[in-house]
Amino acid sequence: MRDFELPGRSLAVGRNGMAATSHPTATLTAIEVLKAGGAAIDAAVAACAVQCVVEAGSTGIGGDCFVLMAPKGGDQVLAYNGSGRTPAALTAAALAERGVTTLERSSPHVVTVPGAIDAWTRLVADHGRMSMAELLAPAIGLARDGYGITPRVAADAAGQRELLAADPTARRTFLVGDEAPKVGSIQRQPELAATLETIGREGRDGFYRGAVAQDMVERLSGLGGFHTLADFESAAGEYVEPVTATYRGWTVHECPPNGQGMIALMILKILERFKPASDPLDLDGLHVEVEATRLAYAARDAYLADMSAAKVPVEYLLSDEVADRLAAQIDPKRALDPLPVLDGVEHRDTVYISVVDKDRNAVSFINSIFHPYGSGLVAPRSGVLLHNRGQSFSLAAGHPNQIGPRKRPMHTIIPGMVTRDGRAVMPFGVMGGHYQAMGHAHLLSKLFDHGLDLQSAMDLPRLFPLPGTKTIEMEGRLRTLRGEGFAARGFTVAPPKSAIGGSQAIWIDWENGTLLGGSDHRKDGCALGW
């Protein structure tokens with residue numbers, strides 16, 4: 001039960017439908033779509049389109065998308081991989097010939113062909129009830145007529161001022177007099193509004209063919225990129241088979257590689273081999289979470305890649321044998337040292353959306369441009385902000401995730417879904433780049449090991465061990481409580497650059513016929529139901 005004397009949020013409660021997003025305008029848009037008769041996927045797409053406008057530092061139509069769906073609230077979960085590929089002409093040899101030794105954030109070589117619009121249009125056509133024109137209308141209006149800047153958006157823009165100032169279109173779009181916009185100021189994106197209108201009329205071809213695609217190709221090729229119109233025309237996501245594992249009797253569904261969902265499952269399988277602590281912030285319990293994360297992420301950086309281009313040993317990594325072996329390596333009182341330092345990758349920004357409709361169709365939806373404001377590159381006539389997901393590639397020869405032609409990079413973004421006894425019980429997600437796999441495991445542990453409700457679990461302070469190191473980023477409340485304890489065990493404790501992650505989730509209470517929603521205080525958003 002929530003302590004009403006403390007700051008915080010109550011669970012959202014509804015019966016007919018619910019949405020949880022990281023921006024209040026997006027949540028309201030999703031609810032309006034549901035009330036108008038739209039399905040859960042309609043509401044998710046409409047909400048995400050709004051966030052691509054009002055929360056541009058976190059997501060955009062120039063990014064990628066992954067989705068899990070539980071039709072009619074059943075346990076036959078569908079997964080869709082909406083991540084894009086590199087240009088056909090981009091090879092490691094071609095980069096080497098140009099002297100490329102690192103994948104820089106604003107390089108055209110880190111911009112894969114965006115997959116989000118292909119995913120949106122395909123999923124709405126297959127599972128929606130409304131047209132793309134209807135679903136994009138709220139976002140179009142906001143982009144054309146203006147929207148107010150919320151606190152987290154203002155903070156993200158301030159943190160990326162130099163990046164935005166370096167690109168002429170980003171500069172005039174997102175900055176005011178070369179400075180980040182203040183909370184409550186009004187921003188407009190007329191070029192993006194026109195692009196969204198084109199997509200509403202023409203569907204995916206409005207993005208991947210014609211003037212919009214030409215604008216993106218010209219911007220990237222002008223910087224030395226290998227992108228062609230043919231690369232955009234051939235863009236296509238795909239339905240894939242989810243990967244699953246059980247945790248304390250609950251079945252957890254994740255998208256398969258090239259996403260890192262299986263790493264969340266690996267962490268859960270390791271945690272299941274330990275008795276839960278009595279306190280969700282117990283030092284020994286958090287120590288096990290940290291070490292399980294470090295071990296699972298080392299495996300991620302060694303093996304995770306595009307399964308269409310490399311062999312990823314999914315079954316082996318999710319086996320009891322591996323979980324037993326990794327769990328046995330954990331010393332309950334001190335940091336593992338040495339831990340293999342493997343070829344690392346970058347991270348970090350995303351939006352996550354949970355929606356459940358009156359028919360209990362459940363959607364777990366995540367859309368990303370990677371770092372805040374992605375690459376910082378904006379196609380000037382279309383207003384499309386391009387992501388930098390290709391920074392997740394490796395340049396190491398022979399690495400499974402080595403950059404190459406028509407290849408998808410390792411992805412940090414992962415939607416989640418929990419089922420039990422033949423029913424979906426929770427679409428959930430945790431934003432935050434690398435943190436997401438640990439975030440999934442951390443959230444589920446707090447729910448199933450400690451009996452917390454969604455909002456209380458989200459409100460707990462967080463920590464995250466930086467992959468391949470003994471450094472733990474720890475939010476302030478937790479540093480005060482447990483920082484010295486971790487330092488005594490051989491870790492280096494440091495404050496995070498910003499609050500760790502952000503989460504949304506909806507719990508389907510089948511017995512009472514209600515929906516319970518939580519939304520993270522680390523973002524601007526909320527959960528709403530009716």
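For the structure itself, consult the block above.
Right, let's walk through the structure included here.

Scoring rules and cut-offs
All residue numbers refer to position in the chain's written sequence, counted from 1. The predicted origin of the model limits local features to residues at a pLDDT of at least 70 and limits the giving and counting of side-chain atom pairs to 80 or more, whereas totals for whole chains, interfaces and linings rest on all residues. As a convention, hydrogens and water are excluded, and side-chain values are obtained from all of the structure's heavy atoms. By definition, a salt bridge exists where a carboxyl oxygen of Asp or Glu is found within 4 Å of a side-chain nitrogen of Lys or Arg. Secondary structure is summarised from DSSP: a helix means a run of H or I of at least four residues, a strand means a run of E of at least two, and numbering begins at the N terminus for each. Note on classification: 1.4 Å probe, protein chains only; a residue is buried when its accessible area is under 20% of the maximum for its type, exposed when over 50%, partly exposed between these limits. Strand pairing is assigned whenever DSSP identifies at least 2 bridges connecting the two strands. Only C-alpha atoms enter the line fits that serve as axes; for helices the fit covers just the stretch in contact. Angles between N-to-C directions range over 0 to 180 degrees. Throughout, a contact is declared for two residues whenever any of their heavy atoms are within 4.5 Å. For the purposes of this section, nonpolar cores are sets of buried Ala, Val, Leu, Ile, Met, Phe, Trp, Tyr and Cys residues that join through side-chain atoms within 4.5 Å. Any angle from 65 to 115 degrees is called roughly perpendicular, while one under 35 is roughly parallel, one over 145 is roughly antiparallel, and all others are oblique. Three classes are used, and their members are as follows: Ala, Val, Leu, Ile, Met, Phe, Trp, Tyr, Cys and Pro are nonpolar, Asp, Glu, Lys and Arg are charged, and the others, Gly among them, are polar. Expected helix span is taken as 1.5 Å per residue step, with the number of steps being one fewer than the number of residues. The angle between axes fitted to the seven-residue stretch ending at a residue and the seven-residue stretch beginning at it gives the bend at that residue. Pairing of aromatic rings covers Phe, Tyr and Trp, the last through its six-membered ring, and needs centres within 6.5 Å; plane angles under 30 degrees mean stacked, over 60 mean edge-to-face, and all others mean tilted. For a ring to carry a charge above it, either NZ of a lysine or CZ of an arginine must fall within 6 Å of the ring centroid while also lying within 35 degrees of the normal to the ring plane.

## Quick word on the pattern of salt bridges
For the structure shown, the criterion picks out 33 salt bridges. Linking aspartate 320 and lysine 269 is a salt bridge whose minimum nitrogen-to-oxygen distance equals 2.9 Å. With aspartate 320 in helix α16 (residues 320–329) and lysine 269 in helix α13 (residues 261–271), this residue pair connects regions lying 51 residues apart in the sequence. Overall, the relative accessible area of 46% leaves aspartate 320 in the partly exposed class. Looking at lysine 269, the relative accessible area reads 11%, which means it is buried. By sharing partners, the salt bridges in this structure join Asp118, Arg204, Asp205, Arg209 and Glu233 into a single network.

## Quick word on the pairing of strand β12 (residues 415–420)
Among the six residues that make up β12, five are buried, leaving the element largely enclosed by the rest of the structure. For strand β9 (residues 250–254) and β12, the ladder comprises four bridges, and the chain directions are antiparallel. Across the sheet, the residue bridging to threonine 251 is threonine 419, located in β12. The pairing of β12 with strand β13 (residues 423–431) spans six bridges and is antiparallel. Bridge pairing in β13 places threonine 419 opposite alanine 424. Counted between consecutive antiparallel strands, the loop separating β12 from β13 contains two residues, among which aspartate 421 sits at a positive phi close to 55 degrees.

## Structural notes on the sheet that holds strand β18 (residues 514–519)
Here seven strands make up an open sheet; going across it, the order is β1-β18-β17-β13-β12-β9-β8 and the pairing antiparallel. Two strands close off the open sheet at either side, each with one partner strand: β1 (12–14) and β8 (243–247). Recorded for the sheet is a direction-independent mean angle of 20 degrees between the axes of neighbouring strands. Bridge count for strand β17 (residues 502–509) against β18 is six bridges, and the pairing is antiparallel. Following the sheet pairing, isoleucine 508 is matched in β18 by leucine 515. Contacts from α13 reach β8 and β9, with the element oriented near 20 degrees to β8.

## Topic: the nonpolar core
In this structure, Val53, Ile61, Val67, Trp120, Phe207, Phe365 and Tyr373 are the most contacted members of the largest nonpolar core, which totals 86 residues. No other element matches the 13 residues that helix α2 (residues 40–54) contributes to this core. Here isoleucine 61 is in contact with Cys52, Pro114, Ala116, Ile117, Trp120, Leu192, Thr195, Leu196, Ile199, Phe207 and Val384, once residues within four sequence places are set aside. Core analysis: the next-biggest nonpolar cluster, separate from the first, contains 65 residues, Leu271, Tyr297, Met410 and Phe448 among them.

## Here's the deal with the packing of helix α14 (residues 283–303) against helix α19 (residues 476–488)
Two numbers describe how α14 lies on α19: the axes approach to 11 Å, and their chain directions differ by 75 degrees. The angle between α14 and α19 falls in the class roughly perpendicular. Along its contact with α14, which presents Leu283, Leu286, His287 and Val290, the element α19 presents Leu478, Arg482, Gly485 and Phe486. Among the residues forming the contact of α14 with α19, the class breakdown is five nonpolar, two polar and one charged.

## Brief notes about α19
At 3.6 residues per turn, the α-helix brings residues three or four places apart onto the same side. Compared with an ideal rise of 1.5 Å per residue, which puts 13 residues at 18 Å, α19 spans 18 Å between its outermost C-alpha atoms and is within 8% of the ideal. Helix geometry: α19 is bent most strongly at arginine 482, by close to 60 degrees. Directly after α19, the chain includes glycine 490, whose backbone phi takes a positive value near 100 degrees.

## A closer look at unusual backbone geometry
Positive phi outside glycine occurs at arginine 360, with the angle close to 65 degrees. Within the secondary structure, arginine 360 is located in the loop between β10 (349–356) and β11 (362–370). The backbone of arginine 406 shows a phi angle near 45 degrees, a positive value even though the residue is not glycine. Of note, arginine 406 is situated in the loop between β11 and β12. A residue is classified by how much of its surface remains accessible, and arginine 406, at 36% relative accessible area, is partly exposed.

## Regarding the packing of aromatic side chains
If you walk through the whole model with that rule in mind, you get nine aromatic pairs. Relative to tyrosine 208, the ring of phenylalanine 207 has its centre 4.8 Å away and its plane inclined at 75 degrees; by these criteria the two rings are edge-to-face. Under the relative-accessibility criterion, tyrosine 208 is labelled buried at 0%. Put simply, the rings of Trp250, Phe448 and Trp507 touch in pairs and so form one group of aromatic residues. The ring centre of tryptophan 250 lies 4.2 Å from the NZ or CZ of arginine 420, which sits over that ring.

Shape is all these values report; function is a separate question.
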